[in-house]
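Fold and contact review
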Amino acid sequence: MPSALFVLVLLAALCSLGCAMSQEEKHKLKTQVVEMFDHAYQNYMDHAYPADELMPLTCRGRVRGLEPSRGDVDDALGKFSLTLIDTLDTLVLLNKTTEFEAAVRRVLTDVRLDNDIVVSVFETNIRVLGGLLGGHSMAVMLKEEGQHMQWYRDELLHMAKDLGLRLLPAFNTSSGLPYPRVNLKYGVRGPETRTGTETDTCTACAGTIILEFAALSRFSGDPVFEMHARRALDFLWEKRQRNSNLVGTTINIHSGEWVRRDSGVGAGIDSYYEYLLKAYVLLGDDQFLQRFNIHYASIMKYISQPPLLLDVHIHKPLLPARTWMDSLLAFFPGLQVLKGDIRPAIETHEMLYQVTKKHNFLPEAFTTDFRVHWAQHPLRPEFAESTYFLYKATGDPYYLEAGRTILDNLNRFARVPCGFAAMKDVRTGSHEDRMDSFFLAEMFKYLFLLFADVEDLPFDVEDYVFTTEAHLLPLSLSTVALSLSSVPSNRTIPQTEEELDDSNFDWTCPNTRLLFPDPAFPRNLREPIRSVVDKSCPRPAPYREPGMGAPPLRAQDFMANNPEHLELLKRMGVSLIHLKDGRVQLVQHATQAVSPIAAEDGIRFMQEMMELSSQQQKEQLPPRAIQIVSHPFFGRVVLTAGPAQFGMDLSKSSTGVRGFVTVAEPYTGCSEITNSEYVRGHIALLQRGQCMFAEKARHIQKAGAIGGVVVDDNEGSSSDTAPLFQMAGDGRSTEDITLPLLFLFHKEGNILLEALKEYREVEVLLSDKARDRGADVVHEAEKDCRTEATTPTSFAPVGQSQSSTAETDKSEAVSSQESSDTSPAREVNPTASSDQAKDDSEKKAAPKNDADSNSQSVDEMLADWREDLEAFRQMEKDEL
C-alpha cells in the first residue's frame, strides 16, 4: 500500500509539471485545424473570389470601391485576389497540393497587377509580393519532387517581379524611405496617382521590406530590389536615438525627423525588429545581427518590464509613453525564441495567455491591469505564432493546451456559416463583417505546425524562414551570389563600426535541446504571472477637483427636452444647437449671460460636461449582445446593441431573454400595438422615431412582449463608427418597465431584418454578452426550428422615417467637448455625440473624439474601422 501511494503521488507530481498530450489527441487537433481552414478557404472561394477578402456575415466578397470605405485599412486591397495569393503556401503546408496547383492556375489566369488603385506599400509587400514568392518557393519544391507542378515555368516569380517594379517608385525619396502608398499603375508622381503627397510613414512600414525584396532579387538575379530595401534599413539605423538606441514609431520620409517619438515592440515598429534578425538568418549578413542585438539590449533595458512590454519615449526611455499594450506585440515572445532569450519569452507569453483566457481573445489593446482598452480582435495570429515557437523551443505540452484554447475560442466565438468573423467586441462576442487574408496566411500555418508531427509535413520547415506574414522563403537564398556594389548607402561606416562591440554578440542560434534540463523551469516562470493577471485590481476612479460652488444646473442632471433646463442654459450664456446629423452642439458665450455670476455658472457647467464626457469615454458603457440562435445561424451571428437605462438589466441575468422576433405594428411603437396577438410572448422589433424610447417599451410591454429591439432609422448608421450609448428614460419614473429594450444601429438592424425576411422565424437571445456557440445552443435551436410557426409571415417594409422637425420634443444629451479652454473671454464649443434631433433618441452618449466629425460624409460615417496604426495614434492623442 505505501508503495502504491508513492506511485500515485509521483504521477500527480509529474502531471503537475505538464502531462504530455497523447498522439491521438494531437492528431485530432491537427485534423480540426485542417477542417477549420477548409471552412474558411472554401467559403472565400465560393462566396468572395475573385474579390480581395471575404465578408463572412453577409457571405460576399469585399471589393474596394463597391463597399463603404473603411479608411486606411482598405489600402491592403488592390483588386488582386488578395486572400488567394496570401494563402498559396498555406495550401502546400497543409498537404493540399491539388488545391495549390488549381490556385496557382487561377492566379495566373485571373489576377491583374496593373490596376489604377492606390495601395499600401507595406501591406502589398508582405501579403502579395510575399505570397507570390512563397507560392513560387512551393511550386519549385513540388516540381523538383517530380509529381506536381511539372508545367510550372516560374510564372509566379515573373508576377512577383512585375509587382516589385510597381512598388519601386515609392522608394524615390532623398532618404530612401518609401512613400507609404503607391498607385499600382501610375506610381507616386503626377495627379493621376492620387498619392505621393504623404510625408510620414511608420518605422515598420519602411523597415519590413528586406526579406521580400532580397528574395526577389536573388530569385530573379536583379539586385535593384535588395538595394533599395537595404538603403531604407540603413537610414532607419542612422536615425535611431543614439543614447537609447531606440527608434520612434513614425518618421518623416524626407527629413528623417521622428514624428512620433514613442517606442515599443507593437504597432508601428514590431516587424522592423523582426526583419533585422530574420534578414541575418536568411541572408547571413552579420550587420543585421549587430544592429538587432544593439536594439534588443535597449528593448530589454527600457521597454521590457516582465511580463509587460511598455512603450517609452526614445529621448527619455525611463519615461513611459502609455499605460496600455497593443495585441501586435504578441509576436515578440516568438522573436525572443529565435534570439535565444527564452525566459522573458515564457513570461510575456504567459501574460498574454492569461489575458486571452480572461477575454477569449487578445483585445486590440489592453491596460497594464489587463482590462480591455480597445475591444476589437480581427483574428490576429501573433499569439498563435509565439505559442508555436515556444512549443518548438521547450517541448512543453502546456503550449499544446494553449493552442487548443485558441482553436476552441475560434470555433465557439468566431465561426459563422460563411467562414470566421472578426470580433467587434471581445466583451460581448459581437462580430465584424471581416475576415482578413492574414487569417488564412498565418493562423492555420502556425496551428497546423503546432499539432503536426514531422511525418505530417510535406517538407522540412527548418529549410525556410517565415516572413512577418508567415510566407516561406528558402534559406538557400543566402548562397545566391548577388552584386550590390552599386548600392547608394546611407550608412556612415567608420562611425557605425566604432559603436559596435563584437565581443558580446552571439553569432549562432541557440540549441533549444540544451535550454531546459529541468522540466519544471517553464512552469516556475509561469506561475507568478498567472497570479498577477488573476488578481489584478480595478483601476481607481480618476480624482476630480471639486467645484467652487454648486451651479444651478449640474451636467449629470441636464435633459435637452426639459424647457426649464434650456432656460437655465440660456441664462448662463450656453446655447444648444441641433446639427443635421442628429448630434447636439453646446456653445458658451460668457458675454451673453444675464450676469457675471451666471456666466461663471455657465463655465462651471461646461467644465462639468467635459469631465462627464471624459469619464464616460474611459468607462465605455458596456454594450449588449443580440445573438441569432435559430436555424441556420445557431448562435454564430452576434450583433452589438446598446442598452437602456430602464427595464430589465441583462448584466444581472444569467440566462438573458430568448424569443422569436416579431415586427410590431405600428412599426414605430408610438401608439397601442395593433398586432398584439403576434407580439405576445415574442421580442418586438421597432423602428426609432416619433416618440420616446420609454413610450415604445410601455406599448410593447402592454401588448405582452418579452423584450424589444429598436432599429435606428438613420440609414447607414453603424456601431462600428457611432459611439455606444444607453437609451435614457422620459424624465419620469420608469420602474413600471420590466422588459429589456436594446438598440441596434441601421447596419446591424438590417442583418436582423434580412434574416427575418428570408427565414420568417428568427429566434434571438438578448444578453449582456454572447453565450457559448456550443452543443446546448445548437441543440435548442434545432429543436425550436422544428416547432410550428407562431410568428406572422408578412413583413413590414423598412423605410427611413421623416427627419424630426423643430416642433418635436427634444431629448436629453450628455455632451462631448473638444476644447478644454473655459476662460470667459473664449468660446467653449463642446459637441454631443447623441442624436438629439430625433425626438425618441433620448440617450446618454459616449463622445466622439474626432474633431472633424461635424463634416464627416455618409461614407466616412459608414467606415468600419481604421487601420491599426491610425487607431492607436488616435487613442494616444486622446490619452494625452
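A brief report on the enclosed structure follows. (Residues numbered from 1 in each chain as written. Predicted model: local features only at pLDDT ≥ 70, side-chain atom pairs only at ≥ 80, totals over all residues. Heavy atoms only, no water.)

Quick notes on the nonpolar core
Basically, it comes down to this: In these notes, a set of buried Ala, Val, Leu, Ile, Met, Phe, Trp, Tyr and Cys residues joined through side-chain atoms within 4.5 Å is what counts as a nonpolar core. Using a 1.4 Å probe on the protein chains alone, a residue whose accessible area is under 20% of its type maximum counts as buried, one over 50% counts as exposed, and one in between counts as partly exposed. Strands are runs of DSSP state E lasting at least 2 residues, helices are runs of H or I lasting at least 4, and numbering of each runs from the N terminus.
Membership of the largest hydrophobic core comes to 173 residues, with the highest contact counts inside it found for F100, Y273, L410 and F420. It is helix α5 (residues 121-145) that contributes the most residues to this core, 11 residues altogether. V637, I683, L752 and L753 belong to the second-largest nonpolar core, a separate cluster that totals 27 residues.

Here we look at the sheet that holds strand β25 (residues 657-663)
Which entries qualify depends on this criterion: Two strands are counted as paired when DSSP detects at least two bridges linking them. Axis definition: a line fitted to C-alpha atoms, over the contacting stretch in the case of helices. Angles run 0 to 180 degrees between N-to-C directions.
Spatially, seven strands are ordered β24-β23-β30-β25-β26-β27-β29 in an open sheet, and the strand pairing comes out mixed. Looking at strand neighbours, the two that pair on one side only are β24 (637-641) and β29 (741-744), the edges of this open sheet. Each strand of the sheet is rotated relative to its neighbour by a mean of 30 degrees, with strand direction disregarded. Pairing of strand β27 (residues 707-711) with β29, which is carried by four bridges, proceeds in the parallel orientation.

Considerations on the state of the cysteines
As a reminder of what qualifies: Cysteine sulfurs are considered disulfide-paired once they come within 2.5 Å of each other.
Tallied over the full model, the rule gives three disulfides. Here C202 engages in a disulfide with C205; their sulfurs sit 2.1 Å apart. On the S-S bond that ties C202 to C205, the torsion sits near 90 degrees, and the link is right-handed. Overall, the relative accessible area of 5% leaves C202 in the buried class. Since its relative accessible area comes to 17%, C205 is described here as buried. Between the sulfur atoms of C670 and its disulfide mate C691 the distance is 2.0 Å. Taking the sign of the S-S torsion, about -85 degrees here, the bridge from C670 to C691 comes out left-handed. On the criterion of sequence distance, the pair formed by C670 in the loop between β25 and α21 (676-679) and C691 in the loop between β26 (683-687) and α22 (693-702) is long-range, its members being 21 residues apart. Of the two residues examined, C670 and C691, each falls in the buried class.

Considerations on α22
Within α22, seven of the 10 residues are buried, which leaves the element mostly enclosed by the surrounding structure. Within α22 the residues assigned to the buried category are F693, A694, K696, A697, R698, H699 and I700. Backbone geometry just downstream of α22 places G704 in the positive-phi region, at approximately 100 degrees.

Side note on the packing of helix α3 (residues 82-93) against helix α16 (residues 437-451)
Definition in use: Throughout, the term roughly parallel applies to angles under 35 degrees, roughly antiparallel to angles over 145, roughly perpendicular to angles from 65 to 115, and oblique to all others. Each helix crossing is assigned a hand: it is left-handed if the near helix lies turned anticlockwise from the far helix by less than a right angle, otherwise right-handed if that turn is clockwise. Here, two residues are considered to be in contact whenever any of their heavy atoms come within 4.5 Å of each other.
The geometry of α3 relative to α16 is characterised by a closest axis approach of 7 Å and an angle of 15 degrees between their N-to-C directions. Looking at the two axes, α3 sits roughly parallel to α16. The element α3 and its partner α16 pack so that their crossing is left-handed. Facing L82, T83, D86, T87, D89, T90 and L93 of α3, the residues of α16 in contact are S437, F438, L440, A441, K445, F448 and L449.

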